[in-house]
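Coordinates in review
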Amino acid sequence: MEKEEIKLVGFSITESLNNVLEMKIVRTLREDLTNRMIEIKNRKGPGVYLIQIYPHDGHWTPHVPFQHVVAFEVTSYGEIPTGMITHTVSPGQYIKIIHKGAESQIGTTYDFINKTYGVRPIDIEYWNDIHTLESQDGEIDIYIPAK
């Protein structure tokens, strides 16, 4: 599918997957972001993005730090709240994969993605409703660049 440019405002951290999972870093950033959502001007909706930007060669292990961006999409950049960043995802062709079930079980979906599509520079997750992330009925949209 073709995706347009995505303008984001939120938080960014560079950390390994192991540390992110062990210390629940993304969950904390997501909670902080939603607690401060009113501060973000031009917000497009309630959904939250997680952008995972891997090392330039696309190869990484759970021990290798990479950039995580947790943010809301905005129509345009206005005044950026203190401590937040802007990030733009380039337009392009993406493959959409839907993870069904609890977020804590998303590793199985990523195992499938990694075996099927191999290394890539970026993963994009879209959480339409963060309150249903641990529900067995929950869904997370995952976008990976089409080769």
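Shown above is the structure to which this text applies.
For every chain, the first residue of the written sequence is number 1, and numbering continues from 1 along that sequence. Note on the predicted model: pLDDT of at least 70 is required for a residue's local features to be given, and 80 or more for side-chain atom pairs to be given and counted; whole-chain, interface and lining totals, by contrast, use all residues. Excluded from the side-chain calculation are hydrogens and water; included are all heavy atoms of the structure.

**Re helix α3 (residues 106–117)**
Segments assigned H or I by DSSP are reported as helices when at least four residues long, segments assigned E as strands when at least two residues long, and all are numbered from the N terminus. A helix is expected to span 1.5 Å for every residue after the first. End to end, α3 covers 16 Å across 12 residues, agreeing with the expected 16 Å (1.5 Å per residue, within 8%). For α3, the elements touching its buried residues are β3 (48–53), β6 (92–100), β7 (122–127) and β8 (139–145). Within two residues after α3, Gly118 carries a phi angle of roughly 70°, on the positive side. By definition in these notes, contact holds between two residues if any of their heavy atoms fall within 4.5 Å.

**With respect to the side chain of Arg30**
Counting through the fold element by element, Arg30 comes out in helix α2 (residues 25–35). Aside from chain neighbours lying at most four places away, what touches Arg30 is Val70, Glu103, Trp127, Ile130 and Leu133.

**Some words on unusual backbone geometry**
A positive phi angle, near 55°, is found at Lys24, a position not held by glycine. Mapped onto the elements, Lys24 comes out in the loop between α1 (17–23) and α2. Backbone geometry at Asn42 places phi at a positive 65°, although glycine is not the residue there. Mapped onto the fold, Asn42 is located in the loop between α2 and β3. Residue Asn42 is classed as partly exposed on the basis of its relative accessible area of 34%. Here's how the labels work: a residue is buried when its accessible area is under 20% of the maximum for its type, exposed when over 50%, partly exposed in between, all with a 1.4 Å probe on protein chains only.

**Some thoughts on the pairing of strand β4 (residues 66–73)**
With 7 of its 8 residues buried, β4 lies for the most part within the structure. A pair of strands is labelled paired if DSSP reports no fewer than 2 bridges between them. Looking at chain direction, strand β2 (residues 6–15) and β4 are connected through 8 bridges and run antiparallel. Bridging from a neighbouring strand, Gly10 pairs with Ala71 of β4. Sheet topology note: the β3/β4 ladder contains 5 bridges and is antiparallel. Following the sheet pairing, Ile53 is matched in β4 by Gln67.

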